[in-house]
Amino acid sequence: MPPRLVGHQGSLSGQRFPIGATPLTLGRNGDNSIVIVGGNVSRFHAEVRREGHGFVLYDSGSINGTRVNGARVTSHELQPGDLIEIGTETFRFEAADAMETILDLSVLRPLSPSSQATLAAGPVLNVTVSGGGPVGLGFALLLEHLMGHRVAITVYDGRWTQDGAKVVWKDESQGNVRRQQVVTVQSRQYLNLPEEVQERLFRGDAFTEMWPVGPDSVRGYSPRNLRIAYIEDTLLDLANEKPDHIRLVPTAFDAAEHQKTETRDHVLAICEGGRSRTREYFADRFGNADKSIYSLHGQHIQDVVLGLRVKSALTDPMTVLLTVAQNRFLLNALRGEGFLNMRLTDAEAAEVVGIDPVRHVFEDCIASRPCVMGRDGHGDFQCSTHSTLFLPAMVRGSALWKRVLEGLALFGVAEQDLSAVTAFRLDMVQRPRFTTRLHSATASSPGTYGFLLGDAANAIHFWPGRGLNSGLGSAVSLARSLNGAWTGRPFRDADFARHEAAMSMLQYRHKSRAWNTMITTDEHGVSRPIKEKIAQSIEESEGKDLDRDADIDALMERLRSIRDRLAPRLPGMPDDPTLRAHLETLDSSTLRTLWESGAWDTLTVGGEEVDIDIFYQQDSPPATDPTRTRAAS
């Protein structure tokens, strides 16, 4: 007889359910192999899959969990006699003997061509990815592209949910407020993604090219602006199409459970973002992060940024010019729609609070979670999760809100075209390592290596716009290292020397650039945070009769210089009369602060970029972009 589940207790007691080559699914939905009726059973609750020479039970991210022999599990390699509890039903896993657990008669049938290819490919690399954002999914898709049948990838993310046979992103009603920020992906990064990923990302009018080519633009291809939610949707759709090699688990990764049960994994890639719980769980393996290198006078420097979801009426070339000319505001948009980010002083950051209109208490959810507060029917900005209102927008005399409105005016945004506010707290640390051995190989387990990727490795300041690019670079490096090093034997530290070197270069390059967007040097050569310079300008301008014409003239001179530098790479720049007329609409104190905040230090943050390809010159060349129809000038 083939291996099977047998109803042990409950309404299905005595019924037998054979386990074949296709997964055996259990849940409340009628499409499951075993339909279980009960309010505490999820629609697609669990499944049993043949893997290698055994059978593995997987919980599909159910709310109430799956238990084996009394213990809650996310996955479990089944042994004869195991009792599986789902809701009020209990099943027993049966096989005639230990040999039948790993071998049923279907194995003796002639192998299909795909099965022969799998065996010829050799041992399978088992990879778990914690975090299914753009970096985690990008890494999974690239690794699957490089290794094919030689790899089995499992990706966990609690922001997903099961929708029929597909895994999708939860919506706002399910507690997941999607990120609508626009990110700029450099050609050095996106040309290293598989061709099918490029084709899906850049089809139709999903992207714009508003920034000029620069040191990170290779082969004449421009940087491309995409909405991050669109990137997440596209990559998740692609991963859903590869169930043979990528398994998507719509639940948050549990590091403690993984340590107990997932010793079969060779690799754990940690891609959960800057606040990664998995990284902190394994902190003793990765080492303590150092804050001192990003400190001044013994104080760790942080920037707090107010994120304003807006729609600008200005052209892309003008918004680029206005952004680069000062350090108070940054607009990254897709055809005018995106986030206008405002660097706050410490005093302004203290005002970023919500108020509970019922209990009349202050909440810091917008600053600490952070939450996104969307405009409601009354025109207030409300947090859908905590039912708080953004206090500065309600107090019309608020100095912070007046400055927000001036930022909108700078980028041609009508107040009604501000649809949401949020906040970001940004700081940086130096990480001693990005690769570590989590579990040593034993007679029964292969040993597990852990890797930090994306913001879990290098959370950097958004002002240079390099976070996702650094994350994709780290994913490309690890995927190539694993593809080259996997032979079926336990890994060694030496297998990842190139990857660790690439990660160290990414950390140095992008964090040194980010640090120079947080600090400036005064006339005495003393370093100080840019936010302090902005605070000083606000304080010195308050109640003063400022020389408005002189400030406009100074800003015009700066704008001309930047325009002359960018115009050959970014056509359509505004002329002098257009710029001056626009500046005339701004408040005098705003003009002074924009001038004194300084322009982007492009000389310091520009220059040579980290080229992952130099570490892997013997590997396959990066994929080309078949959808490209014109080269950047």
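Residues numbered from 1 in each chain as written. Predicted model: local features only at pLDDT ≥ 70, side-chain atom pairs only at ≥ 80, totals over all residues. Heavy atoms only, no water.

Novice: So, the sheet that holds strand β10 (residues 83-86): which residues are in play, and what are the values?
Specialist: A sheet is described by the order of its strands in space; here six strands give the open sequence β2-β1-β11-β10-β7-β8, paired in antiparallel fashion. Looking at the sheet topology across the chains shown, the edges are occupied by β2 (16-18) and β8 (71-73). Across this sheet, the average inter-strand angle for adjacent strands is 30 degrees, counted without regard to direction. Alignment of β10 against strand β11 (residues 89-94), held across four bridges, turns out to be antiparallel. Of the residues in β11, the one forming a bridge with L83 is R92. (Pairing = 2+ DSSP bridges. Helix = DSSP H or I, 4+ residues; strand = E, 2+ residues; numbered from the N terminus. Axes fitted to C-alpha atoms, helices over the stretch in contact; angles between N-to-C directions.)

Novice: I'd like to hear about empty space enclosed by the protein, residue by residue, with values.
Specialist: According to the stated counting rule, one finds four cavities of 30 Å³ or more in the structure shown. Taken as a whole, the largest cavity holds about 90 Å³ of empty space. Around the largest cavity, the lining residues are P134, G138, V185, L193, V197, L201, F202, L226, I231, L235, L468 and L472. Of all the secondary-structure elements, those providing two or more residues to the lining of the largest cavity are α3 (134-147), α5 (195-201), α6 (228-240) and α16 (467-485). Class assignment for the residues of the lining of the largest cavity results in eleven nonpolar, one polar and no charged. Roughly 60 Å³ of internal volume is contained in the second largest cavity. If you go around the second largest cavity, the residues you meet are L322, A325, Q326, L410, L555, L559, L583 and L594. Classifying every residue of the lining of the second largest cavity gives seven nonpolar, one polar and no charged. (1 Å grid on protein atoms, 1.4 Å probe; cavity = no way out; pocket = protein on both sides within 12 Å on 5 of 7 lines; lining within 4 Å. Points joined across faces, edges and corners; volume = space filled by probe spheres on them. Nonpolar A, V, L, I, M, F, W, Y, C, P; charged D, E, K, R; others polar.)

Novice: I'd like to hear about the environment of G607, residue by residue, with values.
Specialist: As for its position among the elements, G607 is in the segment after α22 (602-605). Assessed through its relative accessible area of 36%, G607 is described here as partly exposed. Distance from G607 to R513, taken between C-alpha atoms, is 10.0 Å for residues 94 residues apart in sequence. If we ignore the near neighbours within four places in the chain, the residues touching G607 are P215 and R509. (Buried < 20%, exposed > 50% of the residue type's maximum accessible area, 1.4 Å probe, protein only. Contact = heavy atoms within 4.5 Å.)

Novice: Could you give an account of the sheet that holds strand β12 (residues 125-130), naming the residues involved and the relevant values?
Specialist: Sheet architecture is open: six strands sit in the order β18-β13-β12-β19-β32-β31, paired in mixed fashion. In this open sheet, the two edge strands, each paired with only one partner strand, are β18 (246-249) and β31 (435-439). With strand direction ignored, the average angle separating the axes of adjacent strands in the sheet is 20 degrees. Where β12 meets strand β19 (residues 267-270), four bridges bridge the pair, whose relative direction is parallel. Residue pairing in the sheet places T128 in a bridge with L268 of β19. Its contacts with the sheet put α3 on β12, β13 (151-156), β18 and β19, and the angle it makes with β13 is roughly 170 degrees.

Novice: How would you sum up the pattern of salt bridges? Please name residues and give values.
Specialist: Using the criterion set out here, one finds 31 salt bridges in the structure. A salt bridge links D346 to K531; the shortest N-O distance between them is 3.0 Å. Pair noted here: D346 is in helix α11 (residues 346-349) and K531 is in helix α18 (residues 530-541), with a separation of 185 residues, a long-range link. When its relative accessible area of 11% is taken as the criterion, K531 is described as buried. In this structure, E609 and R513 form a salt bridge, with 2.7 Å as the shortest nitrogen-oxygen distance. With E609 in the segment after α22 and R513 in helix α17 (residues 497-515), this residue pair connects regions lying 96 residues apart in the sequence. Comparing E609 with R513, the two get one shared label, buried. (Salt bridge = Lys/Arg side-chain N within 4 Å of Asp/Glu carboxyl O.)

Novice: I'd love a proper account of the environment of T154, names of residues and values included.
Specialist: The topology assignment puts T154 in strand β13. Residue class for T154 comes out buried when judged on its relative accessible area of 8%. Placed 395 residues apart in sequence, T154 and D549 show a C-alpha to C-alpha distance of 61 Å. For T154, the residues in contact, after removing those within four places along its chain, are V127, T128, V129, R247 and V249.

Novice: Quick one: what's the story with the packing of α3 against α6, residue by residue and with numbers?
Specialist: Where α3 meets α6, the closest approach of the two axes is 9 Å, and the angle between their N-to-C directions is 35 degrees. Seen along the crossing, α3 lies across α6 with a hand that is left-handed. For the pair formed by α3 and α6, the contact residues are P134, L137, G138 and L141 on the first element and I228, I231, E232, L235, L236, L238 and A239 on the second. Classifying every residue of the contact of α3 with α6 by side-chain character gives nine nonpolar, one polar and one charged. (Left-handed = near helix turned anticlockwise from the far one by under 90°.)

Novice: For the confidence of the model for the chain, give the residues involved together with the corresponding values.
Specialist: The predicted structure's coordinates, where accompanied by low pLDDT, should not be read in detail. Within the chain, residue pLDDT values average 88, and 91% of them lie at 70 or more. Of the regions scoring below 50 in pLDDT, residues 97-120 engages in 24 contacts with residues more than four places distant in sequence or in other chains. Note on residues 620-633: pLDDT is under 50 here. Beyond four places in sequence and across chains, it has 38 contacts. (pLDDT = per-residue confidence, 0-100.)

Novice: Describe in detail the packing of aromatic side chains, supporting the description with residues and values.
Specialist: According to the stated counting rule, one finds 18 aromatic pairs in the structure shown. Judged by centre distance (6.1 Å) and plane angle (85 degrees), the rings of W160 and W169 are edge-to-face. Residue classification places W160 among the buried residues on the basis of a relative accessible area of 0%. Aromatic side chains W211 and W600 sit 6.1 Å apart centroid to centroid with 15 degrees between the ring planes, which places their arrangement in the stacked category. (Phe/Tyr/Trp six-rings, centres within 6.5 Å; stacked < 30°, edge-to-face > 60°.)

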